[in-house]
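Report on the structure
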Amino acid sequence: MTKKLRSQSWFGRTGRDGFIYRSWVKNRGVPHDQFDGRPVIGICNTFSELTPCNSHFRTLAEHVKMGVLDAGGFPLEFPVMSLGETLLRPTAMMFRNLASMDVEESIRANPIDGVVLLFGCDKTTPALLMGAASCDLPAIGVSGGPMLSGRFRGGELGSGTGVWQMSEEVRAGRMSEADFFEAESCMHRSHGHCMTMGTASTMACMVEALGIGLPGNAAIPAVDARRNVLARMAGRRAVALVRDDVAMSRILTRAAFENAIRALAAIGGSTNAVIHLLALAGRIGVPLELADFDRIGAGLPCLVDLQPSGTHLMEDFHHAGGLPAVLRELGRAGALHADALTVNGQTIWENVKDAPCWNRAVIRAFDRPFKPAAGIAVLRGNLAPDGAVIKPSAATPSLLVHRGRAVVFEDIEDFHRRIDDEALDVDETCVMVLKNCGPKGYPGMAECGNMPLPPKVLRKGITDMVRVSDARMSGTAYGTVVLHCAPEAAAGGPLAVVRDGDVIELDVAARRLHLAVSDAELARRRAGWAGPPRHPGRGYYKLYVDHVLQAHQGADLDFLVGGSGAAVPKDNH
Ligand code: FES
C-alpha cells in the first residue's frame, strides 16, 4: 500500500489540528496506535427499532469490528437514516434517496478509508450502495440475513406473501379475523428481513451477484452463527480492499450489472430491483437502461422455487446451497461474466464453480428449470411510452395475453373507497387501472400495484386479474400486475387519461401494452387533463417531487446521478 490514506488527513496531522482530530476519538478508550496510518473502516449501520428487519445490527456491527481489528484496521461505526418498510409513510421508497445522501455525505466528510455497509430491509440496501457508490471508496456490503421460516398450523408462512393470501381469504369470508390475528405472531419468528424472495432477499442476492458482498451473503439466516462469521470476514476484507486500493467502481462494472440482471431472472426476484439497479448504475457511472433487463435477463429461466413465485422460503434456499448454487448453474450455461471481480479478491466464477446444490426441489438445474423464460419483461406501447414492467414468473400464464375493459381508480384513496362496493361495475375479465401512484404522484411510488381484487370476484374463486399502474409492487406479492408505467400519470403520462370502459390490450410475449383509443382522442383528453395532484410545498417532500426521475431512470433525484468521489473536504478549523 503506497497511496496515502485519506484518514491520515485527519489522524496523521501534527499540532493543534491533529490533537483535535484524535483527542475526542480517544474519549472511549482508543489507544494511540490506532491512529498510526492503519486503514480506517467505517461501519455504516442502519440499526433501528423502527426498522425491525435490521434490529440485530448492533450485534452484527460488533462482528464486523472484530474482523477489522483482526486484519489490523481501525473500525469506526456510524449510524445513517434507516428505512423500515412496514412503518414508514407514505412509503420507504420516498426516503431511499434521502438516506443515500446521508450515506454519501457521512462517508465523504469523515476520516474513512473504506466502508462496510450493513443493510437488510428493502430500501436500506440500495440506499447504502447508492450513497457509497457516489464516493467510490473501497466498500463491501453485508446483508442482515433473512428471518427463520414462518410457521402456522403445520405449514410454512412467508413474509408478505402470506399476508396477501390470507387477507384475500378474510375478504372472501374463508378465514376468520381471529385466525388472521394468530398468524400475525407466527409469520415473523426471529431477527432478519422478509424470508420470501421479496425485495430484501432479492437485493441481498443482487449484492452477492454484483460481487460487492461475500459468497453466502444472500441466504444465511440472520440468526445463524455463520451470518456473524460472514460479517467478521467482511471486516477483514474491507481492510484488504483499502490496502489493495480496490474502489467500488472496480467491482461494479457493466459485467457485474449484467450478472446481477441474470441472477435476478434466475431467482424470480423482485421488480423493485430494476429500479434500484438502474439508480445504482447511474451513481457509479455504468450505462444501464430499462431495455437491458429484457435484453439480458428475459430469456433466462427461473431456477428457484421460492415464494412468491413458488413455495419455499429463504431458509430452504440457504440449506439448498444459496445463491452460489444458482450462479454456478448460470455460469455452466454460459450466462455469467465469469471474470467479474468480487470483494473477496476472486472472480465470481472462482467463487461459485464448485458450489454444491443440496436440494434440487429448491434450486433447479438450468436445463430443468422451475419456470422457463422468467426474467422481468419490459412492456411498451401507447400506455407506457418509456416502458412498464411485469414479472411473468409471478403472473397467471393464461392472463399474459389479455384484452379487457378498464376499471379506473384515480388514486389509491379512490381505490380504497370503491373496491369493496358491490355496485362496482367489474368482473374478472376487466383490467384494473390505478393512477397517481408513481414517484411524483404518491409521492414515493407506493407498493400498491398489486391491487386487492373486488370481493365479488374473489367469491367466485378467482385469484388473479390483470392490473396496470404507475406504482410498484412488494417483492413478496404476485399476480398479473403491470407496474412502473412511465411516464407516470402525475407527470402527464398516458395513464392519466385512461377512462372507465377503455379497452386495454396486454401481450407479454410481444412486449405490448396498448390502450385501444385513437391518438386524436388521447390528444383531446390530454388537453383537458387537470394536472398533477397537489403536494406539500416544503421540505424533503418538495425536493423529492421537484427532482425525482421516472421509474425507467431509477427514480433517483436528478442532481444525485453520478458521484463526487472521496476527495478530502477542507478543514473545519
Ligand atoms: Fe423489511 Fe420486508 S419489511 S424486508
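Sequence order as written defines the numbering, with residues in each chain counted from 1. Whole-chain, interface and lining totals are the exception, using all residues; otherwise, since this is a predicted model, local features are given only for residues with pLDDT of at least 70 and side-chain atom pairs are given and counted only at 80 or more. Computation of side-chain values: all heavy atoms of the structure, hydrogens and water removed.

Side note on the packing of helix H8 (residues 199-210) against helix H11 (residues 254-267)
Which entries qualify depends on this criterion: As a rule, the C-alpha atoms of each element are fitted with a line to give its axis, helices using only the stretch in contact, and angles between N-to-C directions run from 0 to 180 degrees. Secondary structure is summarised from DSSP: a helix means a run of H or I of at least four residues, a strand means a run of E of at least two, and numbering begins at the N terminus for each. Angles are sorted into four bins: roughly parallel if under 35 degrees, roughly antiparallel if over 145, roughly perpendicular if 65 to 115, and oblique for all others. By definition, any crossing whose near helix is turned counterclockwise from its far helix by less than a right angle is left-handed, and any crossing with a clockwise turn is right-handed. The contact criterion used is simple: two residues touch if any of their non-hydrogen atoms lie within 4.5 Å. Residue classes follow a fixed rule: Ala, Val, Leu, Ile, Met, Phe, Trp, Tyr, Cys and Pro count as nonpolar, while Asp, Glu, Lys and Arg count as charged, and any other residue, Gly among them, counts as polar.
Two elements in contact, H8 and H11, have axes whose closest approach is 8 Å; the angle formed by their N-to-C orientations is 140°. In terms of their interaxial angle, H8 and H11 are classed as oblique. Between H8 and H11 lies a crossing whose hand is right-handed. Where H8 approaches H11, its residues Thr 202, Cys 205, Met 206, Ala 209 and Leu 210 are matched on the opposing element by Ala 256, Phe 257, Asn 259, Ala 260, Ala 263, Leu 264 and Ile 267. Within the contact of H8 with H11, the residues separate by chemical class into 10 nonpolar, two polar and no charged.

Regarding the nonpolar core
Selection criterion: Residue types Ala, Val, Leu, Ile, Met, Phe, Trp, Tyr and Cys, when buried and joined through side-chain atoms within 4.5 Å, form a set referred to as a nonpolar core. In this scheme, a residue with accessible area under 20% of its type's maximum is buried, one over 50% is exposed, and one in between is partly exposed, where area comes from a 1.4 Å probe on protein chains only.
By size, the foremost hydrophobic cluster in this structure holds 123 residues, and its most contacted members are Met 206, Phe 257 and Phe 317. What Phe 257 contacts, discounting residues up to four positions off in sequence, is Leu 210, Leu 252, Leu 277, Leu 280, Ala 281, Ile 284, Val 286 and Leu 288. Among the nonpolar cores identified, the runner-up in size contains 29 residues, and Leu 400, Ala 489, Leu 495 and Leu 515 belong to it.

Some words on the sheet that holds strand E2 (residues 74-79)
Condition: At least two bridges found by DSSP between two strands is the condition for calling them paired.
Strands sit in the order E2-E1-E3-E4 across an open sheet of four strands; the sheet is parallel. Taken across any chain shown, the strands that pair with only one partner, and hence form the sheet edges, are E2 and strand E4 (139-143). The mean angle between the axes of side-by-side strands here comes to 20°, regardless of whether they run parallel or antiparallel. The pairing of strand E1 (residues 40-45) with E2 spans six bridges and is classified as parallel. When the sheet's bridge partners are listed, Cys 44 is paired in E2 with Phe 78. Where helix H9 (residues 225-243) meets the sheet, it contacts E1, strand E3 (114-119) and E4, and its direction lies at approximately 175° from that of E4.

Topic: the pattern of salt bridges
To keep it simple, the criterion reads: Should a side-chain nitrogen of Lys or Arg be within 4 Å of a carboxyl oxygen of Asp or Glu, the pair is scored as a salt bridge.
Counted under the stated rule, the structure contains 44 salt bridges. Between Glu 85 and Lys 123 there is a salt bridge whose closest N-O contact spans 3.0 Å. Here Glu 85, found in the loop between E2 and helix H4 (96-109), pairs with Lys 123, found in the loop between E3 and helix H5 (124-133); they are 38 residues apart in sequence, far enough to count as distant. A single burial state applies to Glu 85 and to Lys 123, both of which are buried. Of the charged contacts in the structure, one is a salt bridge between Glu 422 and Arg 459, with a shortest N-O distance of 3.0 Å. One end of the pair, Glu 422, is in the loop between helix H17 (412-418) and strand E10 (431-434); the other, Arg 459, is in the loop between helix H18 (455-458) and strand E11 (466-469), with 37 residues separating them in the sequence. When its relative accessible area of 43% is taken as the criterion, Glu 422 is described as partly exposed.

Some thoughts on the pairing of E4
Let me state the cut-off plainly: We call a crossover right-handed when, viewed with the strands running away from us, the connection from the first strand over the helix to the second turns clockwise.
With respect to burial, E4 is a largely interior element, five of its five residues being buried. One ladder, built from five bridges, connects E3 with E4; its direction is parallel. Counterpart to Leu 117 in the pairing with E4 is Gly 141. In this region the chain leaves E3, passes through H5 and returns to the parallel neighbour E4; the handedness of that crossover is right-handed.

Describing the environment of Val 286
Position of Val 286 among the secondary structure elements: in the loop between helix H12 (272-284) and helix H13 (290-297). Note: C-alpha distance between Val 286 and Ala 255 (31 residues apart in sequence) is 9.6 Å. Not counting residues within four places of it along the chain, the set of residues in contact with Val 286 comprises Leu 252, Thr 253, Arg 254, Phe 257 and Ala 281.

What about the side chain of Glu 258?
In this fold, Glu 258 is placed in helix H11. Look at Glu 258 and you get buried, because its relative accessible area is 14%. The contact partners of Glu 258, leaving out residues within four places of it in the chain, are Ile 296 and His 337.

Concerning helix H7 (residues 177-187)
The α-helix winds at 3.6 residues per turn, so residues separated by three or four positions along the chain end up facing the same way. Operational definition: Each direction from the helix axis to a C-beta atom contributes to the arc, which is the arc of those directions.
Turning to H7, its buried residues number three or more, namely Ala 183, Cys 186 and Met 187. The buried side chains of H7 occupy one side of the element, clustering within an arc of 90° when seen end-on. The exposed residues of H7 that point more than 90 degrees off its buried face are Ala 178, Phe 181, Glu 184 and Ser 185. Buried-residue contacts for H7 involve strand E5 (150-152), strand E6 (155-157) and helix H6 (161-171).

Brief notes about the packing of aromatic side chains
Test applied: Here the aromatic set is Phe, Tyr and Trp, taking the six-membered ring for Trp, and pairing holds for ring centres within 6.5 Å; pairs whose planes are under 30 degrees apart are stacked, those over 60 apart are edge-to-face, and all others are tilted.
Under the criterion given, the structure shown has six aromatic pairs. Measuring from ring centre to ring centre gives 6.2 Å for Phe 11 and Phe 74, while their planes differ by 40°; the resulting arrangement is tilted. Pair noted here: Phe 11 is in helix H1 (residues 8-11) and Phe 74 is in strand E2, with a separation of 63 residues, a long-range link. Between the aromatic rings of Phe 95 and Tyr 540, the centroid separation amounts to 5.9 Å while the plane-to-plane angle is 25°, which identifies the pairing as stacked. Highlighted residues: Phe 95 in the loop between E2 and H4 and Tyr 540 in helix H20 (residues 539-547), separated in sequence by 445 residues. Take Phe 95: its relative accessible area is 11%, and that puts it in the buried class. An aromatic cluster of at least three residues, connected via ring pairs, comprises Phe 11, Phe 35 and Phe 74.

Here we look at the environment of Lys 3
Locating Lys 3 in the fold gives a position in the segment before H1. In this structure, the C-alpha to C-alpha distance between Lys 3 and Met 451, residues 448 residues apart in sequence, is 54 Å.

So, the environment of Ser 190
Applicable threshold: Polar contacts here mean pairs of N or O atoms no more than 3.5 Å apart (in protein, one a potential hydrogen donor and the other a potential acceptor; neighbouring residues in sequence count only if both atoms are side-chain atoms).
Position of Ser 190 among the secondary structure elements: in the loop between H7 and H8. Judged by its relative accessible area of 18%, Ser 190 is buried. Put simply, Ser 190 and Pro 324 are 134 residues apart on the chain and 24 Å apart in space, counted from C-alpha to C-alpha. If sequence neighbours within four positions are ignored, Ser 190 has contacts with Met 147, Leu 148 and Val 223. A polar contact of 3.0 Å, which involves the side chain of Ser 190, links it to the backbone nitrogen of Leu 148.

What about the side chain of Ser 134?
With respect to the helices, strands and loops of the structure, Ser 134 is situated in the loop between H5 and E4. Judged by its relative accessible area of 1%, Ser 134 is buried. When near neighbours in sequence (up to four residues on either side) are disregarded, Ser 134 contacts Glu 104, Arg 108, Arg 283, Leu 560, Gly 562, Gly 563, Ser 564 and Gly 565.

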